[in-house]
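# Breakdown of the fold
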Protein chains: 2
Amino acid sequence: MIIGFIGFGKVSRNLAELIDSEDVEFITSIEGRSDSTIENIDESKIEVLPTFKEVAAKSDILISATSPKAAADVAKAYGKFASGIYLDLNNISLETTLEIDKHVENLVDGAIIGKIDSDNPTLYISGKTASKLLFLDEFLDVKVISEKAGDVAVLKLLRSSYTKTLTALLIESFEIAQKHDLENEFFEIVSLTEGDDFKEKSLSRITNTLKNPKRKAEELEEIISCFDDGELIMVKSALEKLNQY
Amino acid sequence: MIIGFIGFGKVSRNLAELIDSEDVEFITSIEGRSDSTIENIDESKIEVLPTFKEVAAKSDILISATSPKAAADVAKAYGKFASGIYLDLNNISLETTLEIDKHVENLVDGAIIGKIDSDNPTLYISGKTASKLLFLDEFLDVKVISEKAGDVAVLKLLRSSYTKTLTALLIESFEIAQKHDLENEFFEIVSLTEGDDFKEKSLSRITNTLKNPKRKAEELEEIISCFDDGELIMVKSALEKLNQY
């Protein structure tokens, strides 16, 4: 079994470490790669081929883990050479996933939830051949969502939509509480139903979002453009809220 | 120590049971009360005086636990006869609390969070003399929020505002997930960060709200009229959402 990587950043490097099996061989290429990626590759001692075209052709599973912006171009350039499964792990939109699907025979779209270098990352996958990747369950949690490439992208967006809108609500609630000098009491009273870690988790979400409200707002815009048929009220008001900062 | 009750429903009856002390005597009146209340009083075997005026005058702590609608009238009628602490436990707005404060010498506003007949109800109180009620901590959890009567009302509204708006977000997220046939997967993926009981808790909130969306919307309107200086975005959109059902 040969697993090929296009892109060899944190995700790929950690996957190569997690999938610790004698039956699996890893390949990639340094064609056009950055110095830091080449360093990563050298440290990992995985086999290096001259071109990504050869990597694609030789791989039973070709993993694209580059960047959301490059994902579609990578698929267009190398998808046609892939003879096995093409697993896209870039954090891409549903639109990009469906675009990639046009250029790739056996697309599986995937997302790693939880930090890849944590104890328990979970790999969510969907696509016609997704269940063929279940053997990876030996190395990390694998959940097959459906046979429809794109469903993981939808799920990722749904999750992101929920947590970002929740954070907008937390910011608003915190502001009202602050106005009445009752922040701590607010967290305490809501903890009774939301759990003991409510305060810590909420403050970390608020801080994290207010550090970069513009980027979060952009992400919400992407979510809205993907989901909205005019029925989104809460998510749109979260966007309005974040645009105030 | 004499504790008097105006209103003898679930809250009063359970409090009289919880405060199980030889040093405390309970009084109330059946003046103008309903049959079911009189039955409650008979079963509890607390002392019955001819009038609430006498109950108010005799009590060290006078507890008003009637109904949100009656709370202000009760305060107007009997507040002036209360010589001790007047503890209002009705689920009233900040506006009503401040109205009551005009008719009562030593107002403490309180709220019981968690079910009164559960293992661990918590009594939140605020007001100048609130700390004098800390002796009740022997019988149930007591938290003094501040010396300002009305702060508990604000806190109650804040909590209610947060959970109702959260539920509107849950409904919207659930609807998008449903449209993509990914409800279970949505709950599962969000559980990774929100805790194992996320699905159960969320579905119960959604069901509970959609059973009576009008009433929930009215409660949101009250919250908005109390808090809004034009800056509420999330809470207002929750109202808009609930008004669709």
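## Structural notes on empty space enclosed by the protein
Residues and elements named next belong to chain A. The tally for this structure, following the rule as stated, stands at one cavity of 30 Å³ or more. Taken as a whole, the largest cavity holds about 40 Å³ of empty space. Along the walls of the largest cavity sit Ile3, Leu15, Ile19, Ile61, Ile63, Leu87, Leu123 and Leu136, which together make up its complete lining. Of the residues that constitute the lining of the largest cavity, the class distribution is eight nonpolar, no polar and no charged.

## Points about the interface of chain A and chain B
A common way to report how large an interface is uses the accessible area buried once the components associate. Listed per partner, the contact involves 45 residues of chain A and 45 residues of chain B. Of the roughly 4600 Å² buried at the junction of chain A and chain B (both faces included), carbon and sulfur atoms supply 68%. A per-residue breakdown of the area chain A buries against chain B is headed by Tyr162, Ile189 and Met234 of chain A, which together make up 17% of the total. Across the chain A-chain B interface, the total number found is six salt bridges. Between Glu231 of chain B and Lys179 of chain A there is a salt bridge, with the nearest N and O atoms lying 2.8 Å from each other. In this structure, the connection of chain A to chain B is made through 13 residue pairs in polar contact (both at pLDDT 80 or more). Mapped by element, the contributors of at least two residues to the side of chain A that touches chain B are strand E8 (141-146), helix H6 (151-179), helix H7 (183-194), helix H8 (198-211) and helix H10 (234-242) of chain A. In terms of residues, the side of chain A that touches chain B owes the most to one element, H6 of chain A, which gives 16 residues.

## Quick word on the pattern of salt bridges
Residue and element names in this part refer to chain A. Counting across every chain of the model gives 20 salt bridges over all chains. The partner of Glu99 in a salt bridge is Lys76, and the shortest N-O contact between them spans 3.8 Å. Within this pair, whereas Glu99 is found in helix H5 (residues 94-103), its partner Lys76 is found in helix H4 (residues 71-78), the two being separated by 23 residues in sequence. Given the relative accessible area of 26%, Glu99 is considered partly exposed.

## A closer look at the relation of the copies chain A and chain B
Both copies of the chain are tied together by a single rotation about an axis and a shift running along it. Overlaying chain A on chain B yields an RMSD of 0.1 Å, the required transformation being a rotation through 180° with an accompanying axial translation of 0.0 Å. With respect to symmetry, the two chain copies, as superposed, fit the operation of a two-fold axis. An overlap of 100% is found between the interface residues of chain A and their copies at the interface of chain B, pointing to a shared contact surface.

## Things to note about the side chain of Lys241 of chain B
Relative to the helices and strands, Lys241 of chain B resides in helix H10 (residues 234-242). The exposure class of Lys241 of chain B is buried, given its relative accessible area of 1%. Setting aside chain neighbours within four positions, we find Lys241 of chain B in contact with Glu231, Ile233 and Met234 of chain A together with Ala168, Ile171, Glu172 and Glu175 of chain B.

## Remarks on the nonpolar core
Core analysis: the largest hydrophobic core is formed by 76 residues, its most contacted members being Tyr162 and Phe186 of chain A together with Tyr162 and Phe186 of chain B. Setting aside residues no more than four positions away along its own chain, Phe186 of chain B makes contact with Leu155, Leu158 and Tyr162 of chain A together with Ser173, Ala177 and Phe198 of chain B.

Each value, and the rule that gives it
- Residues numbered from 1 in each chain as written.
- Chains lettered and ligands numbered in written order.
- Predicted model: local features only at pLDDT ≥ 70, side-chain atom pairs only at ≥ 80, totals over all residues.
- Heavy atoms only, no water.
- 1 Å grid on protein atoms, 1.4 Å probe; cavity = no way out; pocket = protein on both sides within 12 Å on 5 of 7 lines; lining within 4 Å.
- Points joined across faces, edges and corners; volume = space filled by probe spheres on them.
- Nonpolar A, V, L, I, M, F, W, Y, C, P; charged D, E, K, R; others polar.
- Contact = heavy atoms within 4.5 Å.
- Buried area = accessible area lost by both parts, 1.4 Å probe.
- Salt bridge = Lys/Arg side-chain N within 4 Å of Asp/Glu carboxyl O.
- Polar contact = N/O pair within 3.5 Å; in protein donor to acceptor, adjacent residues only side chain to side chain.
- Helix = DSSP H or I, 4+ residues; strand = E, 2+ residues; numbered from the N terminus.
- Buried < 20%, exposed > 50% of the residue type's maximum accessible area, 1.4 Å probe, protein only.
- Least-squares fit on C-alpha atoms with pLDDT ≥ 70 in both.
- Core = buried A, V, L, I, M, F, W, Y, C linked by side-chain atoms within 4.5 Å.

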